[in-house]
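Next come the chains, spelled out residue by residue.
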Amino acid sequence: MSTGLPPGVPPYVKVFGPGGNCTLDICPVEISVYGYRPSLAANVTFLCLYVISASIHIYLGVRWRTWFFMGCMVLGAVNAVLGYAGRIAMYYNPFNFAAFMIQIICVTSGPVYYSAAIYVTLAAAIKHLSPSLSRFNPNLFYWTFLPSDIICLIFQAAGGGLSTASSGTSQIGVDMALVGLSLQVASMVIFCGFFADYLTRYFNSVAYKANTGRLVNGVKFGTRLKLFYSFMTLAIALILARCAYRLVELREGYRGSLIHNEPLFIGLEGVLVIVAVYCLMIAHPGFVFKKDQKERPDRWSEGHELRSIP
């Protein structure tokens, strides 16, 4: 960031960082890190939508006892609420360093929790449909992609913390956040590739083709499953698109043009992620797996029973 101050700004002012003392009374908003006052209406809207989503996911999680899925969705919502609360604070003072640090860490890392929920749910879906058709033990998906998700979270949080603590001058912080986001994208793409391979094997299986009712191990690929996979796919696509946007934004750094473009942030960060969160309500594992488990408790062949859905 430039050390020169525009005319009219007192020479004792520190614009950004720990100990920063700029306010809108003495500093123009254009010299803040974003160069604008975050939209109060947009950020309050996102905050409220995340509060509502957390409430619904708590209800669904308790209703269907999908504790891990509920935990991931609620943690993601809490993260987002903190992040957008930080942006609301920045509306009143765009130079608020603490608020900036909270929002950059929380908003950036939030979708990691949703990715974890997706990994575990789709791995459980393999057990639900026909685990024998998987090239790998479905439990390997848990132990491979969940640690990867944790690493993504650590890199993104640490990168955001380093870059803001250094007043945006730490390239290491930006690079760490980039590594976290890149790993998140790569992990999700690889996981989706494995799952697409499984679905191909499932639909090409002798058991699937032989049953006129499209049943494999007692599971009908009906409307509920079609809705589940459709909205899960949409949620994944939205999260990937959001990560691609943040990758480009971070690559430019705090001096780039994207970080100063709030409409783009609202559309490609705020809207994409919140729509993905609500898609994961329709793609909730309880609506499909738990309901099927109650309706068909005795129809699972030996070795292919439905294990607990997280």
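Within each chain, residues carry numbers counting from 1 in the order of the written sequence. For this predicted model, a pLDDT threshold of at least 70 governs which residues receive local features, and a threshold of 80 or more governs which side-chain atom pairs are given and counted, while totals over whole chains, interfaces and linings are taken from all residues. Think of the side-chain values as coming from all heavy atoms in the structure, minus any hydrogens and water.

Caption draft 1: Seen up close, the pattern of salt bridges. Whenever a carboxyl oxygen of Asp or Glu lies within 4 Å of a side-chain nitrogen of Lys or Arg, that contact is scored as a salt bridge. A complete count under the given rule lists five salt bridges for this structure. Among the salt bridges present, the one from Glu262 reaches Arg87, with a minimum N-O distance of 3.9 Å. With a gap of 175 residues between them, Glu262 in helix α9 (residues 262–282) and Arg87 in helix α2 (residues 67–92) connect regions that are remote in the sequence. The two residues Glu262 and Arg87 agree in class, both being buried. Between Glu269 and Arg246 there is a salt bridge, and its shortest N-O distance comes to 2.7 Å. Of the two residues, Glu269 is situated in helix α9 and Arg246 in helix α8 (residues 223–252); the sequence distance between them amounts to 23 residues. The rule is simple: take the accessible area with a 1.4 Å probe, protein chains only, and divide by the maximum for that residue type; under 20% is buried, over 50% is exposed, in between is partly exposed. Judged by relative accessible area, Glu269 falls into the buried class, the value being 2%. Helix numbers and strand numbers start at the N terminus; a helix is a DSSP run of H or I with at least 4 residues, a strand a run of E with at least 2.

Caption draft 2: Focus on the packing of aromatic side chains. Stacked, tilted and edge-to-face are the three classes assigned to paired rings of Phe, Tyr and Trp, where Trp is represented by its six-membered ring and a pair needs centres within 6.5 Å; plane angles under 30 degrees give stacked, over 60 edge-to-face, the rest tilted. Within this structure, the stated rule accounts for 20 aromatic pairs. Both rings, one in Tyr34 and one in Tyr36, keep their centres 5.4 Å apart while their planes meet at 20°; by these two values the pair is stacked. Here Tyr34 falls in the buried class, since its relative accessible area comes to 4%. An angle of 75° between the planes, with centres 4.9 Å apart, marks the rings of Phe228 and Tyr229 as edge-to-face. By relative accessible area, Phe228 is classed as buried at 0%. According to the relative accessible area criterion, Tyr229 is buried, its value standing at 9%. Through a chain of ring-to-ring contacts, three or more aromatic side chains come together here, namely Phe195, Tyr198, Tyr202, Phe203, Phe228, Tyr229 and Phe289. Lysine NZ or arginine CZ positioned within 6 Å of the ring centre and within 35 degrees of the ring normal marks a charge as sitting over the ring. Against the face of Tyr91 rests Arg37, its NZ or CZ located 4.1 Å from the ring centre. Over the face of the ring belonging to Phe265 we find Arg87, whose NZ or CZ atom lies 4.0 Å from the ring centre.

Caption draft 3: Main features of a nonpolar patch on the surface. Taken together, Phe136, Leu140, Ile190 and Phe194 make up a surface patch of nonpolar side chains, about 340 Å² in accessible area. Within the secondary structure, Ile190 sits in helix α6 (residues 171–203). Judged by relative accessible area, Ile190 falls into the partly exposed class, the value being 47%. Like charges within 9 Å and nonpolar side chains (Val, Leu, Ile, Met, Phe, Trp, Tyr) within 5 Å are joined into patches, using only residues over 30% in relative accessible area that form no salt bridge. Shrake-Rupley sampling with a 1.4 Å probe provides the accessible areas, and residues are treated as covered by the protein chains on show and by no other component.

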